[in-house]
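Letter by letter, the chains look like this.
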Amino acid sequence: MADTTLQLCSFQLADALFGLDTMLVQEIIKVPEITKVYQAPEEIIGIINLRGKIVTIIDLAIKLDLPTEIETNNRRIIIVESHNEPFGLMVDTIHDVIHIDGDELGPAPANVRISQGRFISGVFRDEEQLIAILNIEEIVSLAESKTDQV
Amino acid sequence: MSMSSFIDDETLQEYISESLEHLADIEQDLLTIEEGGADIDEEVVNRVFRAAHSLKGGAGFLALDTIKELAHKIENVLDMMRNREITPNPEIINILLNSFDKLRDLINNSSTSNEEDIDEFVVALVGLTTAHLAPAEQASVSNMIPITKNDGNVIFEVPEIDLAQAKKGSQTLYLLEYDLIHDVYQHGKTPMEIIKNVMDLGTIIETLIDIDKVGTLDDAPINSIPFYMLISSIIEPIVAPDFLELPTEKILLIGNDGKQLEEGGPAETPTQDAPPLEPTPAPSPTPSPTMTSSEPEQPLTPKPKETTGPETVPPPTTEKPTKTPAPKAKKVAPAKEKAAKTEKSDTPTSLRVSVNLLESLMTLAGEMVLSRNQLLQAISQQDQHSIKLSGQRIDLVTSELQEAIMMTRMQPIGSIFNKFPRVVRDMSQKLDKEINLIVTGKDVELDKTIIEGLGDPLTHLIRNSADHGIETPKIRIAAAKPRAGKIELKAYHEAGQVNIEITDDGNGLDAEKIADKALEKGMISSDQHKAMSRKEKMALILLPSLSTAEKVTDVSGRGVGMDVVKSNIDQLGGQIEIDSEMGRGTTIKIKLPLTLAIIPSLLVSVGEERFAVPQVNVSELVRIGAAQIKERIERVGDSEVMPLRGELIPLIRLASVLGIQSSVVDPKSGEEREDRRSAIADRRSPTTTIDESLEQTLDEEFANKRSGQDRRYKASSDLNIVVVSAGSFKYGLVVDDLHDSIEIVVKPMGRHLKHLASYAGATIMGDGRVALILDVAGIAKLADLISMAGSQRAQDLAETGEGSRNKDRQSLLLFRNGPEEPCAVPLEIVERVEQVQHEDIETKSGQKVIKYRGGSLPLFALSDVSEVAKLSQEQELVVIVFTVAEREIGLLASQPVDTVEIKAVIDRDTLRDTGIMGSSIIKEQTTLIIDIYELVETRKPEWFKRLQKRKEREKEAQRHGSDSSTATAPPEIKKILLVEDSDFFRSQLKKYIDDDERQCIPAEDGLIAWNWLQEHPDELSLIITDIEMPNMDGFELCRRIRNDDRFNDLKIIAVTSLASDEHIAKGKSVGINDYQIKLDKDKLLTSIDKHIQ
């Protein structure tokens, strides 16, 4: 792994902690009014207007097959970009930005709760927590639809 | 070893885009040359020559050898043309056009151009050159002369003819030896600039980059890349170094033998020591700008250009002393990256914008920044007034900015119009026709995307006009038309739209032929066929797989096309209209919006969701009151249709198609997302019908009330229907609410959602929320409403549906019985309508009569026999006069009286009563269809004695079974087979015909009749048949009968609701003896009397 330090934007989804390289995060916004898109894939909550751009919002919980929690006011949308297209990832609660050493990253353990291992590019573990680092490209890629895989 | 590694990507791109620009006008010029023939317009030939020449020059430098060779051969021909050694004729121009086509092709695929085979073109071009040379000179084409330097090095070999041509006009031959590193890059120049400069001064004959020299250097830094050019020029050797920006020793004079002249350049040049770059006063105006232009460019190159010599090569070069010829390392790495990118899309997605426009954009952007600063300042100072002012300013600037940016997308339509002269020329040659193309309105500007999408459909239309429209000269002269046909292509603005018209003075379209073909292919029903206007019939050509071309030509036709044109135009938000007159020509009019980026749309909503429907798709809005839903909406199978002015519009519920749940969607609630999941699955089959869903929503409303949720739903709400047209068919989209019409900016959807058929994109509303734009064609597809014209399909469904068997188009007389009781009778059986006063009606021995034409007319009223309202004193009375059982009778009725021609779908069950055949929805009202025969029969059975007698006899015969029927049937009764699919007409006809001597055997269609004939071949005296019938039509039945010897003597009378001449002719041809109009009783009976055996 890289020997540089990594800044992770950490957030909570269901009862699990996840992290995203801050370099990939464009911004974090409160949940605006979302326009539902009927007949869209299941994990797509809808689309929003982000300063004139249409942004597709993905429900990470559904994508990662995690139980969806009861609504809290802490929900946020993390805006990321992939191939010049902005995406919003709906998460339950935003946590701190943590600095970690690249060496501390390990491969995702086999028993990681997420059935879709490919969405996780690695895990970071210290005494009290385990943070799974998301692979954004996999998450926004079209190749799969969760239902196809079953 | 790839030469292309020399070429940095920028240079290549520059070359490609310039070359394509040169080529853009070539066709036009060549066509002008062709037109001029021997009268050569030197200006034009020169222009084409220069284009070819520039292509050659650049290609030589870029090592695009194939392009170079082809361009060179073209150039030779053009050169001879401008020297009047070749006289242009269509054949020569053909070769040139094709060669330029190939050239364009090569340039578009420059990376692979060197592998292309161009022999075909080269042979043709060389053939041209050789054929037009004097025999003595012909050898010079293949005779190669080596260009040799004094040191004995042969640089390249050049055909003798090239040298000879170049030297014409007392030109001097120079061999230039540029060093790409020292003379080009270090002077802050690009190779293309050098080539252009040289081309301004003379003619390039041959070029070469000496890679061998580069390749041999193993470890030493590469310090020069020689680039040789053999040119001919009129400039004097003495000034050449200045003009060519080369040191004198690099300019070698070449003699006729290809050898360097000993006494060449250096010796003759006194200014040998002059610094080559010092701008000397130029004797001719051309070079001076070139010289000066190099000056301001200097600051752009950070390297000091004075420093020369091997040590001062660019640093990157020294890093790469590899064998790979990468001398110009400066740009190698990015070039590779770019090359990879450009390979993917060969067509550059760049756009030319006028500098003026760009400047106004810059100004506006500046304004914007200024306004923003003011706004920010005003906000920080809490200065309300300034905030308002800045707001206004920003508003203004934004609109202007938007407008200006939209302008950048506008392009003149000329860019596609320009290719048509060539298309028409090629076609007229191929088809041996003479066609003049007149193009107007090239300057009309349209959105880039529209222009791009317009090329194919317009080409198709032009080709159609040339191929199918314009006749051959022979036919034209015979038709007293000018020998040469004319196609006009015209673009103009009208009412905020752009119209494009393609008019030809050719043969025109035969609306009937198109309609017949559509009928033949089952695309329209026979009734539609009869009812359609000429224009409607013409529009049928836009349906898939209809083409009038009787034979398939390779030029156009193939039976496909117009539907593709139509769908292309649809995609562009345009409309297409066809007008044509047989023998006079055709006009096709295309109406296009100026831009696709902003479209007017209708806003609708379902539940809480708002959707935009592009206005071009909306044909009308219909609201049906809650109370009327049951009457106005018909259910056919599992689908619903709405009768609308005689058309049946299939209905699609937007909510069912999209699977919209009626509960509020709250993205913040996890629970409701669960809800959504199951709901979508539940609704996968959109079979929810209106009534059910109304009930459903009622239920839901109660549920919502219970759960205390606020739902903005009106249970008793009216049904809002947006009638949309998707391509060739219409359907009704049922929504909850209709809102305003607004202009929306179309935004593309993300990659996850792009493929969804139901949406055309998204848009941002005034309140910042996002609304989805519906794709009406996609929704129709989702709802399985596709392939046939929707209304047609609904019609078919209606026909197969229960209780709606009658479908023939009928003219009906509408009247009222009670004030709210619309009634109708077939117009054909009505003799007259008379106004009467209540007091004129007398009652004699239980029978109402009026004095009428010197006698008394017995009157009947519908209320005499059935449960309907009695006519009251207040109503204005009329008497409808019929002839029943050979007597005139009157039916009492009331105003208003009207006539209508519809396809009556008669419900024979619901309102069936004595004297009432059934009901139908006419003009959106349930109308009783009166059976006047039954009415009179009920009241006066004695008038129908004969009929009754025979009925008894029939029953008797049936009791004996079919086998013995022949024996038991009294021989004097003649049997007439009555083939008619419409119940209505069948029963009417039967009533006319049946009497003591004649008995009708009813058959519902041709097939049933034919089968009956097989079983009873000898019983018939006559056949009366309808023409249009399901399973087997009348024509086919006749054909079969006439092909069967058993029925040689059998006469056939055809009955139809409308007998056109064509029909009659066709009928005669298949052996029909007589044609009669249905319900024209007298004539029909006369005809029966005449033909019965």
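Residues numbered from 1 in each chain as written. Chains lettered and ligands numbered in written order. Predicted model: local features only at pLDDT ≥ 70, side-chain atom pairs only at ≥ 80, totals over all residues. Heavy atoms only, no water.

> Just give me the short version of the overall build of chain B, but keep the residues and values in it.
Assigned secondary structure in chain B consists of 40 helices and 39 strands. A buried classification covers 49% of the 1093 residues belonging to chain B. Counting only contacts in chain B whose residues sit at least 6 apart along the sequence, the fraction spanning at least 24 positions is 68%. On chain B, roughly 51700 Å² of surface is accessible, and the fraction owed to carbon and sulfur atoms is 51%. (Helix = DSSP H or I, 4+ residues; strand = E, 2+ residues; numbered from the N terminus. Buried < 20%, exposed > 50% of the residue type's maximum accessible area, 1.4 Å probe, protein only. Contact = heavy atoms within 4.5 Å. Areas by Shrake-Rupley, 256 points an atom, 1.4 Å probe, with all protein chains shown as cover.)

> Residue-level account of the overall build of chain A, with values.
Counting secondary structure elements, chain A contains three helices and 11 strands. The order of helices and strands in chain A, counted from the N terminus, is β-β-β-β-β-α-β-β-β-β-β-β-α-α. When each of the 150 residues of chain A is scored for burial, the buried share is 52%. Taking as baseline every contact in chain A between residues at least 6 positions apart, the subset at least 24 positions apart corresponds to 56%.

> An account of a negative patch on the surface is requested, with residue identities and associated values reported.
Residues and elements named next belong to chain B. On the surface, a cluster of negative charge is contributed by D65, E69, D117, D119 and E120. Taken together, the elements giving at least two residues each to the negative patch come down to α4 (65-82) and α6 (119-131). By secondary structure assignment, the location of D119 is in helix α6. (Patch = residues over 30% accessible without salt bridge, like charges linked within 9 Å, V, L, I, M, F, W, Y side chains within 5 Å. Salt bridge = Lys/Arg side-chain N within 4 Å of Asp/Glu carboxyl O. Lys, Arg positive; Asp, Glu negative; His and termini not counted. Charge placed at Lys NZ, Arg CZ, Asp CG, Glu CD.)

> Which residues make up the interface of chain B and chain A, and what are the values?
Counting from both sides, the interface comprises 33 residues of chain B and, opposite them, 35 residues of chain A. For the chain B and chain A pair, buried surface summed over both sides reaches about 3100 Å², with 56% attributable to carbon and sulfur atoms. Linking chain B with chain A are two salt bridges. With its nearest N and O atoms 3.3 Å apart, the salt bridge here joins E85 of chain A to R751 of chain B. Our count for the chain B to chain A interface comes out at 10 residue pairs in polar contact (both at pLDDT 80 or more). Of all the elements in the fold, those that place two or more residues in the side of chain B that touches chain A are β15 (609-614), α28 (654-658), α29 (670-682), β23 (759-764) and β24 (770-774) of chain B. In terms of residues, the side of chain B that touches chain A owes the most to one element, α29 of chain B, which gives five residues. Tallied by class, residues from the side of chain B that touches chain A come to 16 nonpolar, eight polar and nine charged. (Buried area = accessible area lost by both parts, 1.4 Å probe. Polar contact = N/O pair within 3.5 Å; in protein donor to acceptor, adjacent residues only side chain to side chain. Nonpolar A, V, L, I, M, F, W, Y, C, P; charged D, E, K, R; others polar.)

> Please set out the confidence of the model for chain A residue by residue, giving values where relevant.
Residue and element names in this part refer to chain A. Predicted confidence across chain A gives a mean pLDDT of 79, with 83% of residues reaching 70 or more. The secondary-structure element of chain A with the lowest mean pLDDT is helix α3 (residues 146-149), recorded at 39, while strand β3 (residues 25-30) shows the highest, at 90. Counting contacts from residues 145-150, a segment whose pLDDT is below 50, to residues more than four positions away or on other chains yields nine contacts. (pLDDT = per-residue confidence, 0-100.)

> How would you sum up the sheet that holds strand β6 (residues 76-82) of chain A? Please name residues and give values.
Residue and element names in this part refer to chain A. One open sheet accounts for five strands, arranged β3-β6-β7-β5-β4; its pairing is mixed. Only two strands of the sheet have a single partner each, and these edge strands are β3 and β4 (44-50). Each adjacent strand pair in this sheet contributes to an overall mean axis angle of 30°, direction not counted. Bridge count between strand β5 (residues 53-59) and strand β7 (residues 85-91): four bridges; the pairing is parallel. Across the sheet, I58 pairs through a bridge with L89, a residue of β7. (Pairing = 2+ DSSP bridges. Axes fitted to C-alpha atoms, helices over the stretch in contact; angles between N-to-C directions.)

> Let's hear about the nonpolar core: which residues, and what values?
If you look at the biggest cluster of nonpolar residues, it comprises 69 residues, and the most contacted ones within it are Y15, M81, F100, L103, L176 and L244 of chain B. Setting aside chain neighbours within four positions, we find L176 of chain B in contact with V198, F227, Y228, M229, I231, L244, L246, K250 and I251 of chain B. With 61 residues, the next largest nonpolar core counts V25 of chain A together with V657, Y731 and A780 of chain B among its residues. (Core = buried A, V, L, I, M, F, W, Y, C linked by side-chain atoms within 4.5 Å.)

> Quick one: what's the story with the sheet that holds strand β8 (residues 93-101) of chain A, residue by residue and with numbers?
Residues and elements named next belong to chain A. Sheet architecture is open: six strands sit in the order β8-β1-β2-β11-β10-β9, paired in mixed fashion. Looking along the sheet, the strands with just one partner apiece sit at the ends: β8 and β9 (105-106). With seven bridges connecting them, strand β1 (residues 5-13) and β8 associate as antiparallel partners. Bridge pairing links C9 to V97 in β8.

> Run through helix α5 (residues 90-108) of chain B, naming residues and quoting values.
For an α-helix, 3.6 residues make a turn, and residues three or four places apart therefore share a direction. Compared with an ideal rise of 1.5 Å per residue, which puts 19 residues at 27 Å, α5 of chain B spans 26 Å between its outermost C-alpha atoms and is within 8% of the ideal. Those residues of α5 of chain B not exposed but buried are I92, I93, I95, L96, L97, S99, F100, K102, L103, L106 and I107 of chain B. (Expected span 1.5 Å × (residues − 1).)

> Tell me about the packing of α5 of chain B against α6 of chain B, and please be specific about residues and values.
All names here are of chain B. Across the interface, α5 lies against α6 with an axial gap of 10 Å and an inter-helix angle of 145°. Once α5 is placed against α6, the crossing between them reads as left-handed. Here α5 contributes I92, I95, L96, N98, S99 and K102 to the contact with α6, which in turn contributes F121, A124, L125 and L128. (Left-handed = near helix turned anticlockwise from the far one by under 90°.)

> Account for the packing of helix α37 (residues 1006-1015) of chain B against helix α38 (residues 1034-1042) of chain B, with residues named and values stated.
Residue and element names in this part refer to chain B. Where α37 contacts α38, the two axes come as close as 9 Å, and the packing angle between them is 20°. Comparing their axes, α38 and α37 come out roughly parallel. Classified by chirality, the crossing of α38 by α37 is right-handed. Residues G1006, L1007, A1009, W1010 and L1013 of α37 touch α38, and the partners they reach there are L1037, R1040 and I1041. (Parallel < 35°, antiparallel > 145°, perpendicular 65-115°, else oblique.)

> Pulling in residues and values, what's your account of the pairing of strand β10 (residues 120-125) of chain A?
As paired strands, β9 of chain A and β10 of chain A are joined by two bridges and run antiparallel to one another. Paired with G106 of chain A across the two strands is V123 of chain A, which belongs to β10 of chain A.

> Describe the pairing of strand β10 (residues 485-494) of chain B, listing the residues and the values that go with them.
All names here are of chain B. The sheet contact formed by strand β8 (residues 435-440) and β10 spans six bridges and is parallel. By the bridge assignment, L437 is partnered in β10 with I487. Strand direction decides the pairing type here: β10 and strand β11 (residues 497-504), joined by eight bridges, are antiparallel. The partner of K490 across the bridge, within β11, is E501.

> How would you explain helix α21 (residues 448-469) of chain B if you had to name every residue and give the values?
An ideal rise of 1.5 Å per residue puts 32 Å on 22 residues; α21 of chain B measures up with 30 Å between its terminal C-alpha atoms. The sharpest bend along α21 of chain B comes to roughly 35°, located at L454 of chain B, with the proline P457 of chain B sitting one to four residues further on. (Bend = angle between axes of the 7 residues up to and from the residue.)

> Now, about the packing of aromatic side chains: what can you tell me, with residues and values included?
Evaluated as defined, the whole model comprises three aromatic pairs over all chains. Centroid distance F11 of chain A to F18 of chain A: 6.0 Å. Interplanar angle 20°. Geometry classified as stacked. For F18 of chain A, a relative accessible area of 1% gives the class buried. Aromatic side chains F417 of chain B and F420 of chain B sit 6.4 Å apart centroid to centroid with 50° between the ring planes, which places their arrangement in the tilted category. Across this residue pair, the class does not change: F417 of chain B and F420 of chain B are buried. (Phe/Tyr/Trp six-rings, centres within 6.5 Å; stacked < 30°, edge-to-face > 60°.)

> Which residues make up the confidence of the model for chain B, and what are the values?
Residue and element names in this part refer to chain B. Confidence along chain B averages 72 in pLDDT terms, with 73% of residues attaining 70 or more. Averaged pLDDT values over the elements of chain B bottom out at 36 in α29 and peak at 90 in β24. Counting interchain partners and residues more than four positions distant, the pLDDT-below-50 stretch residues 663-716 has 79 contacts.

> Give a description of the pattern of salt bridges that names residues and reports values.
Across all of its chains, the model carries 25 salt bridges over all chains by this definition. D92 of chain A serves as the salt-bridge partner of R75 of chain A, at 3.2 Å between the closest nitrogen and oxygen. Within this pair, whereas R75 of chain A is found in the loop between α1 (60-63) and β6, its partner D92 of chain A is found in the loop between β7 and β8, the two being separated by 17 residues in sequence. For the residue pair R75 of chain A and D92 of chain A, the accessibility class agrees, reading buried in each case. The partner of E434 of chain B in a salt bridge is R483 of chain B, with the nearest N and O atoms 2.8 Å apart. Of this pair, E434 of chain B sits in the loop between α20 (420-431) and β8 while R483 of chain B sits in the loop between α22 (473-478) and β10, placing them 49 residues apart in sequence. Judged by its relative accessible area of 31%, E434 of chain B falls in the partly exposed class. Here R483 of chain B falls in the partly exposed class, since its relative accessible area comes to 43%. Each member of the salt-bridge network shares a partner with another, and the members are E27, E34, D101, R104, R422, R425 and D426 of chain B.

> Please set out the environment of M23 of chain A residue by residue, giving values where relevant.
Residue and element names in this part refer to chain A. With respect to the helices and strands, M23 occurs in the loop between β2 (16-21) and β3. On the accessibility criterion, M23 (70% relative accessible area) is exposed. When the C-alpha positions of M23 and L6 are compared, they lie 9.2 Å apart, and in sequence the two are 17 residues distant.

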